[in-house]
Amino acid sequence: LRCTDHNYYNYQFYQRSANELAAAAAAPEETKDAPPRILVLRTEHLNQDWDTIDTMYGSPTPEHSASILFQNKFNVKSNSTTGATWNVDPTSLNILCQVLCPDIQAYKQMLRQSLNLSPQDQQHSLQELQKECPMETSLEDRQCPPMETLPTPTFEASAAPATSEVSEPLAPTLESV
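Look at helix α4 (residues 90-99) against helix α5 (residues 101-113): their axes get within 4 Å of each other, and the N-to-C directions meet at 65°. In contact with Cys97, Gln98 and Val99 of α4, α5 contributes Cys101, Pro102 and Ile104. Class assignment for the residues of the contact of α4 with α5 results in 5 nonpolar, 1 polar and no charged.

Structure representation (structure tokens):
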């Protein structure tokens, strides 16, 4: 299943595609209802996950590990948390977590279905998720709130255009990022 970026389509798209491929490939005596087992590469733990998969499939030597490859070829030294940072107020973050709830449930399902993640790895990813979305307390799926019950976000007056007509799309520029 080709996935160039998890944001190209949402996690639900890839989860559904993996389930459909597994069901189509299942032998008649196999249960087609069982979720497929998948390999998971978490961006935040790319080196670790890649090395685990390499080991699962008999990586010849440690010199060929993902950590060394990423460091030598792409100058990625370790599992990095550097990059884009968000300054989102708690109310807006709560709304964002609720809007993304269906996709978060698909993400948690992928964690559960992974062949290469240990239970500790799965719990660590859940803890990282809980830092941003505290309502995600379990790897099990939870009921998402109906969209119509979500509060309407408010914006500061300085962020709104001066008139009701907008001639150009409102998008961040390099200077504002």
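Looking at the protein chain as a whole, its pLDDT mean stands at 75, while 63% of the residues score no less than 70. Contacts of residues 158-177 to residues separated by more than four positions or lying in other chains number 3 contacts, the stretch itself having pLDDT below 50.

Attention now goes to the packing of aromatic side chains. Summed over the entire model, instances satisfying the criterion amount to 1 aromatic pair. With 5.4 Å between their ring centres and 40° between their planes, Tyr11 and Tyr107 make a pair best called tilted. With a gap of 96 residues between them, Tyr11 in helix α1 (residues 11-25) and Tyr107 in helix α5 connect regions that are remote in the sequence. Exposure remark for Tyr107: the relative accessible area of 17% places this residue in the buried category.

Here we take up the nonpolar core. Counting residues in each nonpolar core, the largest one holds 13 residues, and the members touching the most others are Ile38, Leu111, Leu129 and Cys133. Elements with a minimum of two residues in this core: α5 and α6 (119-132). Per-element accounting of this core gives the leading share, 4 residues, to α5.

Here we come to α4. Within the sequence span of α4, burial applies to Ile95, Cys97 and Gln98. Looking straight down α4, one finds its buried side chains confined to an arc of 160°; they lie on one side. The N-cap of α4, judged by a side-chain oxygen 3.2 Å from the amide nitrogen of Thr91 a few residues on, is Asp89.

So, on to the state of the cysteines. Two cysteines form a disulfide when their sulfur atoms are joined by a covalent bond. Counted under the stated rule, the structure contains 2 disulfides. The disulfide partner of Cys97 is Cys133, and the gap between their sulfur atoms is 1.9 Å. Between Cys97 and Cys133 the disulfide shows an S-S torsion of about -80°. By sign, it is left-handed. Remark: Cys133 occurs in the segment after α6 and Cys97 occurs in helix α4; sequence separation between them is 36 residues. Shown here is the disulfide that connects Cys101 with Cys144, its sulfur atoms set 2.1 Å apart. A torsion of -80° about the S-S bond marks the disulfide between Cys101 and Cys144 as left-handed. Of this pair, Cys101 sits in helix α5 while Cys144 sits in the segment after α6, placing them 43 residues apart in sequence. Side by side, Cys101 and Cys144 carry an identical accessibility label, which is buried.

Let us look at the environment of Glu136. Mapped onto the elements of the fold, Glu136 is located in the segment after α6. The class for Glu136 is buried, based on a relative accessible area of 0%. Sequence separation between Glu136 and Gln105 is 31 residues; the distance between their C-alpha atoms is 9.0 Å. Excluding its chain neighbours within four sequence positions, the residues that come into contact with Glu136 are Cys101, Ile104, Gln105, Lys108, Leu126, Leu129, Gln130 and Arg142. At 2.9 Å, the side chain of Glu136 forms a polar contact with the side chain of Arg142.

Note that Lys108 resides in helix α5. Residue Lys108 is classed as buried on the basis of its relative accessible area, which comes to 1%. When residues no more than four places from it in sequence are discounted, the contact partners of Lys108 are Leu126, Leu129, Glu136, Ser138, Leu139, Glu140 and Arg142.

Conventions adopted
The numbers attached to residues start from 1 for each chain and follow its sequence in the written order. With pLDDT at 70 or above as the cut-off, local features in this predicted model cover only qualifying residues; side-chain atom pairs require 80 or more to be listed or tallied, and sums for whole chains, interfaces and linings still use all residues. In computing side-chain properties, one takes all heavy atoms of the structure into account and sets aside hydrogens as well as water. Note on method: axes are straight lines fitted to C-alpha atoms, helices fitted across the in-contact stretch only, with angles between N-to-C directions ranging 0 to 180 degrees. Helix numbering and strand numbering both begin at the N terminus, where a helix is a DSSP run of H or I of at least 4 residues and a strand a DSSP run of E of at least 2. The contact criterion used is simple: two residues touch if any of their non-hydrogen atoms lie within 4.5 Å. Three classes are used: nonpolar for Ala, Val, Leu, Ile, Met, Phe, Trp, Tyr, Cys and Pro, charged for Asp, Glu, Lys and Arg, and polar for all others, with Gly counted as polar. Values of pLDDT, which run from 0 to 100, indicate the predictor's confidence residue by residue. In this analysis, rings of Phe, Tyr and Trp, with Trp reduced to its six-membered ring, are considered paired at centre separations within 6.5 Å, and the interplanar angle assigns stacked below 30 degrees, edge-to-face beyond 60, and tilted for intermediate values. Buried residues are those whose accessible area, probed at 1.4 Å on protein chains only, stays under 20% of the maximum for their type, while exposed residues exceed 50% and partly exposed ones sit between those limits. To form a nonpolar core, buried Ala, Val, Leu, Ile, Met, Phe, Trp, Tyr and Cys residues must be joined to one another through side-chain atoms within 4.5 Å. Note that the arc is computed from the directions linking the helix axis to the C-beta atoms. Any pair of N or O atoms that falls within 3.5 Å is considered a polar contact. Within protein, one atom must be able to donate a hydrogen and the other to accept it, and sequence-neighbouring residues count only if both atoms are side-chain atoms. Criterion for a disulfide: a pair of cysteine sulfur atoms within 2.5 Å.

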